[in-house]
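Residue-level structural notes
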Amino acid sequence: NDAHYASETFVTNKIAEAQLGGSGGGTGEGSDTDVSAGTRPWINYKWACIGDSLTDSTINANTKYHQIIANETGIVVQELAKGGTGYTAGYDSSTTFYDRIANIDEDTDVVTLFGSVNDWKNNEHNTLCHEIGAVNDVYDDSQTVIQNTFCANLNKTFDALYAKVPTAQVIVFGAMPYYGVNDT
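The following paragraphs examine the structure supplied in this document. (Residues numbered from 1 in each chain as written. Predicted model: local features only at pLDDT ≥ 70, side-chain atom pairs only at ≥ 80, totals over all residues. Heavy atoms only, no water.)

Attention now moves to the overall build of the protein. Helix and strand counts for the protein stand at four helices and four strands. Helices (α) and strands (β) of the protein occur, in sequence order from the N terminus, as α-β-α-β-α-β-α-β. By the burial criterion, 39% of the 184 residues in the protein qualify as buried. Residue pairs at least 24 apart in sequence account for 65% of intrachain contacts in the protein once pairs closer than 6 positions are excluded. Carbon together with sulfur atoms contributes 50% to the accessible area of the protein, which is approximately 9800 Å² in total. (Helix = DSSP H or I, 4+ residues; strand = E, 2+ residues; numbered from the N terminus. Buried < 20%, exposed > 50% of the residue type's maximum accessible area, 1.4 Å probe, protein only. Contact = heavy atoms within 4.5 Å. Areas by Shrake-Rupley, 256 points an atom, 1.4 Å probe, with all protein chains shown as cover.)

Written out as structure tokens, the structure is:
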């Protein structure tokens, strides 16, 4: 449909406009960002996509956002996604976003983290399941992922990410609106 195509085109063009400046293994030939004119400004750049079911190509949609963008721009995607996961694991997996950072290729130019409703939704009881905490919370290794606050898990994730790929551009997408969770 036209709205879907317009949305895909908008997102593709906006991502193509974000200049990487040749920080990693890309060609650095990203000056022409008019994807609709047939240029592919991100050929040979590498993009690690960390996420939940909205990123995981084995779940739900035939084509995910990163596949559309890769087809339009030429960027090489490394998908590190698993449904039901997030910064604090989620409700049906023990694989957090943090756990996937070790698998990011070291010459990655862009990393996106997309999620996650799974961080605050307890599927069994349809209630909030993680304390938010404070911005400066530090992860306590003597506690479980669940016992640590969301902020502690988030900080642990980003510390590891910047240690693994210090020159990569990092883009974070927050959770989309989710209805049906008792927020009282």
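Here the narrative resumes.
Ranked by internal contacts, the top residues of the largest apolar core, which has 14 residues, are Ile50, Tyr87, Ile104, Val111, Leu113, Leu161 and Val165. Elements that contribute at least two residues to this core include exactly strand E1 (46-51), strand E3 (110-114) and helix H4 (150-164). Looking at which element gives the most residues to this core, the answer is H4, with three residues. Filtering out sequence-adjacent residues up to four positions away, Ile104 remains in contact with Ala48, Ile50, Gln78, Leu80, Val111, Leu161, Lys164 and Val165. Membership of the second largest hydrophobic core comes to 10 residues, among which are Trp47, Ala70, Val110 and Phe114. (Core = buried A, V, L, I, M, F, W, Y, C linked by side-chain atoms within 4.5 Å.)

Here we come to the pairing of E3. Most of E3 sits inside the fold, with five of its five residues counted as buried. The alternating pattern of E3 places Val110, Thr112 and Phe114 and Val111 and Leu113 on opposite faces, both of which are buried. Bridge count for E1 against E3 is five bridges, and the pairing is parallel. Across the sheet, residue Cys49 finds its bridge partner in E3, namely Thr112. Pairing geometry for E3 and strand E4 (residues 169-173), over five bridges, is parallel. (Pairing = 2+ DSSP bridges.)

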